[in-house]
Amino acid sequence: MKPSEREEEYFARMEYEKKKKLEEEKHKKLAGADKQKQKELHYMMCPKCGMELIEIDYKGIKIDKCSECEGVWLDAGELEQIIGLDKGGLDKFFSIFKK
Ligand SMILES: [Zn+2]
């Protein structure tokens, strides 16, 4: 890895951890009922445009794709699963989304 890459990785991680800490503080203040309400409001809705997400199951990886803006959303651990696909599997995976 080049020194500049290492630096970029470091700053991206710092930025993520700073933002995560801020959000965790906010979450602590939310009571259980408020959290439940947030989940009901946003579950399976696109975080960018607010429209419904469509769940696509490919080899046990459940990918959520927006019905409006075509954004693709992954749950925890799914990015690692996709990276683990072989070349053929990756091609098939991307062909699901082609128009
Ligand atoms: Zn969307």
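Before any of the text, the structure's been laid out above.
Everything quoted here is computed from the prediction, not taken from an experiment. (Residues numbered from 1 in each chain as written. Predicted model: local features only at pLDDT ≥ 70, side-chain atom pairs only at ≥ 80, totals over all residues. Heavy atoms only, no water.)

What about the pairing of strand E2 (residues 61–66)?
Burial analysis of E2 places five of its six residues in the buried class, the great majority of the element. When strand E1 (residues 53–58) meets E2, the two strands line up antiparallel, connected through six bridges. Each residue of the ladder has a partner; that of Asp 57, found in E2, is Lys 62. Here E1 hands over to E2 after two residues, with Lys 59 in that stretch at a positive phi of 50°. By the bridge criterion, two bridges tie E2 to strand E3 (residues 72–73) in an arrangement that is antiparallel. For Lys 65, the partnering residue across the bridge sits in E3 and is Val 72. Taken together, E2 and the strand that follows it, E3, pair antiparallel across an intervening segment of five residues, in which Glu 70 is found at a positive phi of about 70°. (Buried < 20%, exposed > 50% of the residue type's maximum accessible area, 1.4 Å probe, protein only. Helix = DSSP H or I, 4+ residues; strand = E, 2+ residues; numbered from the N terminus. Pairing = 2+ DSSP bridges.)

As for the environment of Lys 92
Looking at where Lys 92 falls in the secondary structure, it is placed in helix H4 (residues 87–95). Judged by relative accessible area, which is 51%, Lys 92 ranks as exposed. Here the alpha-carbon distance between Lys 92 and Asp 57, two residues 35 residues apart in the chain, equals 12 Å.

Observations concerning the side chain of Lys 65
Of note, Lys 65 is situated in strand E2. There is a polar contact of 3.3 Å between the side chain of Lys 65 and the backbone oxygen of Glu 70. For Lys 65, the contacting residues outside a window of four places in its chain are Glu 52, Leu 53, Ile 54, Ile 56, Glu 70, Gly 71, Val 72 and Phe 97. (Polar contact = N/O pair within 3.5 Å; in protein donor to acceptor, adjacent residues only side chain to side chain. Contact = heavy atoms within 4.5 Å.)

A look at the coordination of the zinc ion
Around the zinc ion, the protein contributes the donor atoms Cys 46 (SG), Cys 49 (SG), Cys 66 (SG) and Cys 69 (SG), which lie 2.3 Å from the metal centre. Taken together, the four donor atoms surrounding the zinc ion define angles of 99 to 121° at the centre, an arrangement classified as tetrahedral. In terms of primary sequence, the donors binding the zinc ion are separated according to C-x2-C-x16-C-x2-C. In this pair, Cys 46 is assigned in the loop between helix H2 (32–42) and E1 and Cys 69 in the loop between E2 and E3, connecting sequence segments 23 residues apart. Cys 46 sits in the buried class, given a relative accessible area of 5%. A relative accessible area of 39% means that Cys 69 is categorised as partly exposed. (Donors = N, O, S within 2.8 Å, 3.2 Å for Na, K, Ca; no water. Tetrahedral: all angles 85-135°; square planar, octahedral: opposite > 155°, others 65-115°.)

By themselves, these figures tell us nothing about what the structure is for.
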